[in-house]
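Fold and contact review
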Amino acid sequence: DSPSSDRNPSPPPEFQEDKDLLEAGVIRNTTFSKHWLFSTLMKLIEEVEKENDNKESEEGQNDFSVDVDEELQTELCKLWDMSMNSEVVQFLNEFKAVEIFVGIIGKSQAPRVTEICIGILGNMACDSEVCVTMSENEKVRKMVLLLLDNSDPQTLNETTRFLYTSLSNPAAREEWIRAINEAENIQEHINFIFQSSTNSDLLRNTAEFLDVLLDVDEELCQKWATPLLIQSMLEAFKQIGCKHSTALETYLHIFQLMSTTETGVESLVECADSLCPPLMKYLGILCEDEIVGLEGREAALASALSVLNVIFTSHDDTATMLLKDERLLRIFLKILEPLMPYIQKINDESLSETKPDTATSAGECAKGDNIESNQEPTISTKDETKEEDLDGETDESDEDEMSEKSKQLMMMLYQVLQGFTFDFLFSIHMAMTEEDEEEKEKTSTECSNQHKNLFTYMNESVSRVRLNYFIATLKDAANDTFNPVDTMKTAATKFQLDRLERIIKSVEEGRYVHRENSNDNGT
């Protein structure tokens, strides 16, 4: 953003005395002066021409030593601020200001001037019609893409913001995608920014530009999903840190987009040793709290888990590593605990919409009564025998409305967890089956101990409510080929884990015991 100013630019003094002149001299529906805007642009053009006239005498100087005087910079910053107004944008467009700014950027050696001009164009691109007009201008497209090779971080910041805004406009993006495909070295410029920049705004804006680009062009996503890009992004990942942020969410979504293509999966697997540790660190940080906060983090969690799942199923060494300790299992358990009540609420609302006359109470569903044979029992986090429920009253929290977007994100996260927990148990199932066939081999004994540790952890250290949710998720994930709950039962029997065996049986029968009425000592 440009530096803030004390006030908007005022009309010239002579206009102040006559209202008609004043109204004639301002941009429609604003108090911004046309005269001031014209004169500022003229000053800028004259300054750039003067700069070019002196170019030979200043040859050899560092470009960063060239800049306009402070007074003109201040005026340009005011114009930059004004360009956030839609009426000003329309006026600038009618006045052919886009051509002026493109010409100035092409001629000026002053980085501050370039930054302000591309920043103004970026604000103008927020207007859909103007954005389309600029996308159809070949000079604009070439100039903006050339700026990706600029060495000034602030200019790059505004350039990537402009590209993100343009690609986010469905009516404008086609021309930009074609120009990016035809241009040379665009990916190299992006890699360089990720590898070398320490500017957090630039790293965020570059990621947002790349994210929307790969999201709207599947062919480009396939082409650009290279190990080099992943490694470059991991360098930026170090800079922005593993704590949750909108920037980190964007990086995770880019990795997830790559995982949807064949070359992307190959590249992710090739970079598994570098990629998995920061993904696990991010998930671990989110799961440090006793109850994981999901709202606003659903998409990032889904992306991180989805990418890990792809690597887990495609890279044996990673699968072995993730199965060696309880970290991944603990992440599943911690996320499912706050997630499942949301899923129950969404399912309950869906059920009430489709079957308004046959709704049953939470208590009935929780006990497994009155449930159709093809319907999975829902899970409640409340004590179903509360007097408030019997009196027909409901808790205020149940009355809270979830937005459609929130419902979609929660369901997406749940589906990712279903798939990953399924694959997790399937890997254990295959290993245990192999152990049974090669019971006497040393490797089999080691694997057996490893799996025993996981199931013992669930038996001795996991609360009943978390196990309820985990087992119910596995039950939902089961298909005709494989039921992961069967693997849980086999392991509980094999390793003589009585508590785990009892809880599995309760969940299968639709009986859910919760934290407040559990007699277990699990934590």
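Here's what I pulled together on the structure shown here. Predicted model, so just to flag it, every value in this text is computed and none were measured. (Residues numbered from 1 in each chain as written. Predicted model: local features only at pLDDT ≥ 70, side-chain atom pairs only at ≥ 80, totals over all residues. Heavy atoms only, no water.)

1. Re the side chain of Asn157
Within the fold, Asn157 resides in helix α10 (residues 153-167). When sequence neighbours within four positions are dropped, the list of residues in contact with Asn157 reads Asp201, Leu202 and Asn205. (Helix = DSSP H or I, 4+ residues; strand = E, 2+ residues; numbered from the N terminus. Contact = heavy atoms within 4.5 Å.)

2. Things to note about the environment of Asn449
Position of Asn449 relative to the elements: it lies in helix α26 (residues 442-461). Classification of Asn449 by relative accessible area gives partly exposed; the value is 42%. Expressed as a C-alpha distance, the spacing of Asn449 and Lys324, which sit 125 residues apart in the sequence, is 9.8 Å. (Buried < 20%, exposed > 50% of the residue type's maximum accessible area, 1.4 Å probe, protein only.)

3. A word on the pattern of salt bridges
For the coordinates displayed, the defined rule picks out 17 salt bridges. Here Glu87 ties to Arg28 by a salt bridge, and the two come within 3.4 Å at their closest N and O atoms. Of this pair, Glu87 sits in helix α5 (residues 86-94) while Arg28 is found in the loop between α2 (19-24) and α3 (34-53), placing the two residues 59 residues apart along the sequence. Between Glu290 and Arg466 there is a salt bridge, and its shortest N-O distance comes to 3.4 Å. Here Glu290, found in the loop between α18 (272-286) and α19 (298-314), pairs with Arg466, found in helix α27 (residues 464-477); they are 176 residues apart in sequence, far enough to count as distant. A relative accessible area of 10% means that Arg466 is categorised as buried. (Salt bridge = Lys/Arg side-chain N within 4 Å of Asp/Glu carboxyl O.)

4. Observations regarding the packing of helix α12 (residues 186-196) against helix α15 (residues 227-240)
Between α12 and α15, the least distance of the axes is 7 Å, while the angle of their chain directions is 30 degrees. One way to sum up the angle between α12 and α15 is to call them roughly parallel. Judged by the twist between their axes, the crossing of α12 over α15 is left-handed. Here α12 contributes Gln187, Asn191, Phe194 and Gln195 to the contact with α15, which in turn contributes Leu228, Leu229, Ser232, Met233, Glu235 and Ala236. Looking at side-chain class alone, the contact of α12 with α15 contains five nonpolar, four polar and one charged residues. (Axes fitted to C-alpha atoms, helices over the stretch in contact; angles between N-to-C directions. Parallel < 35°, antiparallel > 145°, perpendicular 65-115°, else oblique. Left-handed = near helix turned anticlockwise from the far one by under 90°. Nonpolar A, V, L, I, M, F, W, Y, C, P; charged D, E, K, R; others polar.)

5. Here we look at the side chain of Glu115
Along the chain, Glu115 turns up in helix α7 (residues 111-124). According to the relative accessible area criterion, Glu115 is buried, its value standing at 6%. Setting aside residues no more than four positions away along its own chain, Glu115 makes contact with Trp80, Gln154, Thr155 and Glu158.

6. What to know about unusual backbone geometry
Although it is not a glycine, Lys96 sits at a positive phi angle of roughly 65 degrees. The class for Lys96 is exposed, based on a relative accessible area of 56%. Located in the positive-phi region is Asn185, a residue other than glycine, with phi close to 70 degrees. Looking at the secondary structure, you find Asn185 in the loop between α11 (173-182) and α12.

7. Remarks on the packing of aromatic side chains
Within the structure shown, the criterion is met by 13 aromatic pairs. Seen from their ring centres, Phe162 and Trp176 are 5.6 Å apart, and the 75 degrees between their planes marks the pair as edge-to-face. One end of the pair, Phe162, is in helix α10; the other, Trp176, is in helix α11, with 14 residues separating them in the sequence. Residues Phe162 and Trp176 agree in their burial class; the two are buried. Seen in terms of ring centroids, Phe332 and Phe424 are 5.5 Å apart; in terms of plane orientation they differ by 85 degrees. Their pairing is edge-to-face. Note that Phe332 is positioned in helix α21 (residues 327-354) and Phe424 in helix α25 (residues 404-437), a separation of 92 residues in sequence. The pair formed by Phe332 and Phe424 is uniform in burial state, with each residue classed as buried. The structure contains a cluster of three or more aromatic residues connected by ring pairs, namely Phe312, Phe332, Phe420 and Phe424. (Phe/Tyr/Trp six-rings, centres within 6.5 Å; stacked < 30°, edge-to-face > 60°.)

Coordinates in, geometry out; function isn't part of it.
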